Amino acid sequence: MQKITEETGVVHVSTVTECASQVKYLVLAVKPQVLPTVFKELNGKIRGDQVVISIAAGYAIADLQEGLGDGVRIVRSMPNTPAMVGEGMSGVSYDEALFTDEEKAVIDGFFTSFGKMEKVDEKLMDVVGSASGCSPAYVYMFIEALADGCVKNGLPRQAAYRMVSQAVLGSAKMVLETGKHPGELKDMVCSPGGTTIEGLAALEESGFRGAIIKACDANFE
């Protein structure tokens, strides 16, 4: 902590209550199972002018208010690990009527500082976990499996990882920047009687789409 203070000028503290007493925006960046301990230390100690931003999965705004005290203003969010490289995707939910324009600008600036954000109704926050919270793991598995297939057919492993990863990055960027339907972009790659449509047929035969949908159902439940 001292090293980070020296590098950034940000003062460090030793306790949760000490941290909460000194800040305007308090980020609850702990695992969900740790939150009950945090609640015991902070209940009734959050000021009305403070904003609490939670990234804890599974805790609704009402749950957080029960743990911290009635009237505490909560921003519930679900970021993901690509935030580590500035390409995060965060689902964010809060009652805008409770926050000033300046506070909303800070909240938006916070989440867009490490990627992109999407404001959603709180009832959809668990689905956000499927869309962006859990999905990087599925993408990594896809990259690993596709690279394995390429290695099986002779491509050096590190080259396979680089090529497949860049293809995933570029494909995602095509969806975001062109606004085209993913199915339309898929069709652009598939020549009649070509190798790509053969590969897609094999994926369909193996239940690729159904497996992904089942995965979403599993983490939503």
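Our subject in this report is the structure included herewith.

## Observations regarding the overall build of the chain
- Counting its regular elements, the chain contains 11 helices and five strands.
- Against the 2.2 N^0.38 benchmark of 17 Å for 221 residues, the chain shows a C-alpha radius of gyration of 22 Å, more extended than a compact globule.
- When the backbone C-alpha atoms are referred to their principal axes, the chain occupies close to 65 × 40 × 30 Å.
- By the burial criterion, 28% of the 221 residues in the chain qualify as buried.
- If you take every contact in the chain between residues at least 6 apart in sequence, the share linking residues at least 24 apart comes to 57%.
- In the form shown here, the chain has an accessible surface area of approximately 14,100 Å², with 60% of it arising from carbon and sulfur atoms.
- Separation between the mean location of the 20 positive side-chain charges and that of the 29 negative ones in the chain comes to 4 Å.

## Some points on the packing of aromatic side chains
- Taken as a whole, this structure holds five aromatic pairs when the rule is applied.
- For the pair F110 and F114, a centre-to-centre distance of 5.7 Å together with 90° between the ring planes defines the contact as edge-to-face.
- For F110, a relative accessible area of 29% corresponds to the partly exposed category.
- In this structure F114 comes out as buried when scored by relative accessible area, which is 17%.
- Geometry around Y25 places K24 over its ring, the cationic atom sitting 5.8 Å from the centre.

## Regarding the packing of helix 7 (residues 135-152) against helix 8 (residues 157-178)
- The contact between helix 7 and helix 8 brings their axes to 9 Å, and the two run at 135°. Viewed along their axes, helix 7 and helix 8 adopt a mutual orientation that is oblique. Relative to helix 8, the crossing made by helix 7 is right-handed. Facing helix 7, whose interface residues are V139, F142, I143, E144, L146, A147, D148, C150 and V151, helix 8 presents R157, A160, Y161, V164, S165 and V168.
- By residue class, the composition of the contact of helix 7 with helix 8 is 11 nonpolar, one polar and three charged.

## With respect to the environment of F99
- Within the secondary structure layout, F99 lies in the loop between strand 4 (88-93) and helix 5 (101-112).
- Judged by relative accessible area, which is 6%, F99 ranks as buried.
- With 24 residues separating them in the primary sequence, F99 and V75 have C-alpha atoms 10.0 Å apart.
- Once residues lying within four places of it in the same chain are set aside, the contact partners of F99 are V51, R73, I74, V75, Y94, K104 and I107.

## Things to note about helix 8
- Taking 1.5 Å as the rise per residue, helix 8 with 22 residues should run 32 Å; its terminal C-alpha atoms sit 31 Å apart, in good agreement.
- Of the residues making up helix 8, those classed as buried are A159, A160 and V164. Taken down its axis, helix 8 places every buried residue within 120° of arc, on the same side. When the buried face of helix 8 is taken as reference, the exposed residues oriented beyond 90 degrees from it are R162, L169, L176 and E177.
- Where helix 8 is buried, its residues touch helix 7.
- Taken from the residues just after helix 8, G179 is the one with a positive phi, measuring 75°.

## Some details on helix 5
- Taking 1.5 Å as the rise per residue, helix 5 with 12 residues should run 16 Å; its terminal C-alpha atoms sit 16 Å apart, in good agreement.
- Three or more residues of helix 5 are buried, namely E103, K104, I107 and F111. The buried side chains of helix 5 occupy one side of the element, clustering within an arc of 100° when seen end-on. Among the exposed residues of helix 5, those oriented more than 90 degrees off its buried face are D101 and E102.
- Where helix 5 is buried, its residues meet strand 1 (25-28), strand 2 (51-54), strand 3 (73-78), strand 4 and strand 5 (115-119).

## A few points about the environment of L68
- Secondary-structure assignment places L68 in helix 4 (residues 61-68).
- Classification of L68 by relative accessible area gives buried; the value is 1%.
- For the pair L68 and L42, spaced 26 residues apart in sequence, the C-alpha to C-alpha distance is 6.0 Å.
- Residue contacts for L68: discarding those within four places in its chain leaves L28, F39, L42, N43, G44, V52 and I74.

Procedures and definitions
Residues numbered from 1 in each chain as written. Predicted model: local features only at pLDDT ≥ 70, side-chain atom pairs only at ≥ 80, totals over all residues. Heavy atoms only, no water. Helix = DSSP H or I, 4+ residues; strand = E, 2+ residues; numbered from the N terminus. Rg over C-alpha atoms; globule rule 2.2 N^0.38 Å. Buried < 20%, exposed > 50% of the residue type's maximum accessible area, 1.4 Å probe, protein only. Contact = heavy atoms within 4.5 Å. Areas by Shrake-Rupley, 256 points an atom, 1.4 Å probe, with all protein chains shown as cover. Lys, Arg positive; Asp, Glu negative; His and termini not counted. Charge placed at Lys NZ, Arg CZ, Asp CG, Glu CD. Phe/Tyr/Trp six-rings, centres within 6.5 Å; stacked < 30°, edge-to-face > 60°. Lys NZ or Arg CZ within 6 Å of the ring centre and 35° of its normal. Axes fitted to C-alpha atoms, helices over the stretch in contact; angles between N-to-C directions. Parallel < 35°, antiparallel > 145°, perpendicular 65-115°, else oblique. Left-handed = near helix turned anticlockwise from the far one by under 90°. Nonpolar A, V, L, I, M, F, W, Y, C, P; charged D, E, K, R; others polar. Expected span 1.5 Å × (residues − 1). Arc of directions from axis to C-beta.

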